[in-house]
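Coordinates in review
Listed below, chain by chain, are the residues.
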Amino acid sequence: MTTAEPIAIRIVDSHTEGEPTRVVVSGWPQPSGETMAERRDDLSARFDHLRRAVVREPRGFDAIVGALLTPPVNEGSTAGIVFFNNGTYLGMCGHGLIGVVRTLEFLGRLKPGKAYFDTPVGTVSAELFDDGSVSIDSVPAKLHARDVAVDVEGYGRIVGDVSWGGNWFFITHADQVPVDMAHVGELTRFTQAIQDAIRAQGITGADGGDIDHIEISAAPERADADCRNFVLCSGGAYDRSPCGTGTSAKMASLHARGELRIDDEWRQEGIAGGLFTGWLTLGENGEIMPHVRGSAFVTADATLRFDPKDPFRFGIPDAMHANA
């Protein structure tokens, strides 16, 4: 913990298809590092108490994804972004990037058109349209392992794909629990059990990457959607939106299976009913490039206060996040 602690941090809140984003505008000491990965690591080492303070109770809640803006590291980029949640730091966040773009528009720092942003997993671009919707061009996505079987206590054998969309996902069509809002609690327990089993059985992404997102695909409820999903995020909360990196990972898996062609649209419905429209293109070296379009809305422009006498100044710890 640093000696000079902030008394106030300005934030702008938004939601993207139901999933909240909290952008830190000012008041948070800037992290050190020549790359965004180094800045993320410095945040973890020196300012993790601020991550907890900004997104956890009593100022936040489990579903909030935070976004700290930094100066860019690459020429031509608008800003650097480190995304974080109640439990950890994220390589990228699709809904969060859409929220950042609308926040910067709200602050008068961005106009319709394309902009570039540096993240710990690479530089990504986003385009703001006149109607307020935003499309993002994310990092290359891929199917890493197909039809991976996991024995999950209480649920039996679950089969799914391990795919990358900016975060590592285990994507399954398991139907032990209905994918609807009435079963959110049970879905959360089910997907957490899958994640625990994956880790216990030593299943990882490439280079030992931690599979920290679990995605269940099911039939849509919306007439204009191709699929409905439930996504458990790395901090233990579920994604209210269709999940940007999850949509990217899903499309990569579909393409590898021959079920989604390049440039064809994929309409992904989230558990709360929001919709992302995605599509794939080929990169210069043949890599699969995901694109996702959705809408975000600013919900608050506020100052978080940090009273030195407050015993919960840096958030309320709990058992779920004891190791965070």
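This is a predicted model, so every value here is computed, not measured.

Cut-off values and rules
- Residues numbered from 1 in each chain as written.
- Predicted model: local features only at pLDDT ≥ 70, side-chain atom pairs only at ≥ 80, totals over all residues.
- Heavy atoms only, no water.
- Helix = DSSP H or I, 4+ residues; strand = E, 2+ residues; numbered from the N terminus.
- Buried < 20%, exposed > 50% of the residue type's maximum accessible area, 1.4 Å probe, protein only.
- Areas by Shrake-Rupley, 256 points an atom, 1.4 Å probe, with all protein chains shown as cover.
- Lys, Arg positive; Asp, Glu negative; His and termini not counted.
- Charge placed at Lys NZ, Arg CZ, Asp CG, Glu CD.
- Salt bridge = Lys/Arg side-chain N within 4 Å of Asp/Glu carboxyl O.
- Pairing = 2+ DSSP bridges.
- Phe/Tyr/Trp six-rings, centres within 6.5 Å; stacked < 30°, edge-to-face > 60°.
- Lys NZ or Arg CZ within 6 Å of the ring centre and 35° of its normal.
- Contact = heavy atoms within 4.5 Å.
- pLDDT = per-residue confidence, 0-100.
- Disulfide = S-S within 2.5 Å.
- Expected span 1.5 Å × (residues − 1).
- Core = buried A, V, L, I, M, F, W, Y, C linked by side-chain atoms within 4.5 Å.
- Polar contact = N/O pair within 3.5 Å; in protein donor to acceptor, adjacent residues only side chain to side chain.

1. Re the overall build of the chain
The helix and strand tally for the chain stands at 5 helices and 16 strands. Overall, the C-alpha framework of the chain stretches about 50 × 45 × 35 Å when taken along its three principal axes. Taking all 324 residues of the chain together, 56% fall into the buried category. In the structure as shown, the chain presents an accessible area of about 13,200 Å², 48% of it carried by carbon and sulfur atoms. A distance of 5 Å separates the average location of the 29 positive side-chain charges in the chain from that of its 45 negative side-chain charges.

2. Remarks on the pattern of salt bridges
Throughout the structure, instances matching the rule amount to 21 salt bridges. Between arginine 46 and aspartate 42 there is a salt bridge, with the nearest N and O atoms lying 2.9 Å from each other. In this pair, arginine 46 and aspartate 42 are both assigned in helix H1 (residues 36-46), 4 residues apart and thus about one turn of the helix distant. For arginine 46, a relative accessible area of 33% corresponds to the partly exposed category. Between glutamate 265 and arginine 267 there is a salt bridge, with its nearest N and O atoms 3.9 Å apart. One network of salt bridges, with partners in common, ties together Arg146, Asp147, Asp161 and Arg257.

3. Considering the pairing of strand E4 (residues 79-84)
Most of E4 is tucked away, with 6 of its 6 residues classed as buried. Of the two faces of E4, both are covered, the one formed by Ala79, Ile81 and Phe83 as well as the one formed by Gly80, Val82 and Phe84. Summarising the sheet, strand E3 (residues 65-70) and E4 pair through 5 bridges and their orientation is antiparallel. Among the inter-strand pairings, threonine 70 is bridged to a residue of E4, identified as glycine 80. Across 2 bridges, E4 lies against strand E6 (residues 113-119) in parallel orientation.

4. Quick look at the packing of aromatic side chains
Scanning the entire structure with this criterion turns up 5 aromatic pairs. Note on phenylalanine 230 and tyrosine 238: the rings are 5.6 Å apart at their centroids and 25° apart in plane angle, and the pair reads as stacked. Each member of the aromatic cluster is reached from another via a ring pair, and the members are Trp28, Phe84 and Tyr89. Across from the ring centre of tyrosine 89, 5.7 Å away, lies the NZ or CZ of arginine 51, which sits over that ring. Taking NZ or CZ as reference, arginine 293 lies 3.7 Å from the ring centre of phenylalanine 129, over its face.

5. A short note on the environment of alanine 252
Along the chain, alanine 252 turns up in helix H5 (residues 244-256). With a relative accessible area of 4%, alanine 252 lands in the buried category. It is 5.1 Å that separates the C-alpha atoms of alanine 252 and lysine 142, two residues lying 110 residues apart in sequence. Beyond its immediate sequence surroundings of up to four residues, alanine 252 is in contact with Ala141, Lys142, Leu143 and Leu280.

6. Quick notes on the confidence of the model for the chain
Residues with a pLDDT of 70 or more make up 97% of the chain, whose mean pLDDT is 94. Confidence drops under a pLDDT of 50 for residues 319-324, and excluding neighbours within four residues, the segment shows 13 contacts in the predicted structure.

7. Looking at the state of the cysteines
The final tally for this structure, using the stated rule, is 0 disulfides. This cysteine, cysteine 227, is not joined by any disulfide, and cysteine 243 carries the nearest cysteine sulfur, 12 Å off. Considering cysteine sulfurs only, cysteine 243 is the nearest to cysteine 233, which forms no disulfide, with 5.7 Å between them.

8. Let's talk about helix H3 (residues 94-106)
Here H3 is 13 residues long and its end C-alpha atoms lie 19 Å apart, about the 18 Å a rise of 1.5 Å per residue gives. Within H3, 11 of the 13 residues are buried, which leaves it mostly tucked inside the rest of the structure. Residues of H3 that are buried include every one of Gly94, His95, Gly96, Leu97, Ile98, Gly99, Val100, Val101, Arg102, Thr103 and Leu104, and no others. At the C-terminal side of H3, glycine 108 shows a positive phi close to 80°.

9. Things to note about the nonpolar core
Counting 60 residues, the largest nonpolar core has Phe83, Leu97, Val100, Phe117 and Phe170 as the members making the most contacts within it. Here this core takes 7 residues from helix H4 (residues 184-200), the largest share from any one element. Non-local contacts of phenylalanine 83, meaning those with residues more than four positions away in its chain, are made with Val65, Gly66, Ala67, Tyr89, Leu90, Met92, Cys93, Gly96, Leu97 and Val100. If you look at the next biggest cluster of nonpolar residues, it comprises 19 residues, including Ile11, Ala53, Val54 and Val82.

10. What about the side chain of aspartate 137?
For aspartate 137, the location among the structural elements is in strand E8 (residues 133-137). One polar contact links aspartate 137 to lysine 114, side chain to side chain, over a distance of 3.1 Å. Ignoring any residue separated from it by four or fewer positions in sequence, one finds aspartate 137 in contact with Lys114, Val124, Ser125, Pro290 and His291.

11. Focus: the pairing of E3
Across the 6 residues of E3, 6 count as buried, placing the element largely inside the fold. Sheet topology note: the strand E2 (residues 19-26)/E3 ladder contains 4 bridges and is parallel. Directly across from valine 23, in E3, lies its bridge partner alanine 67.

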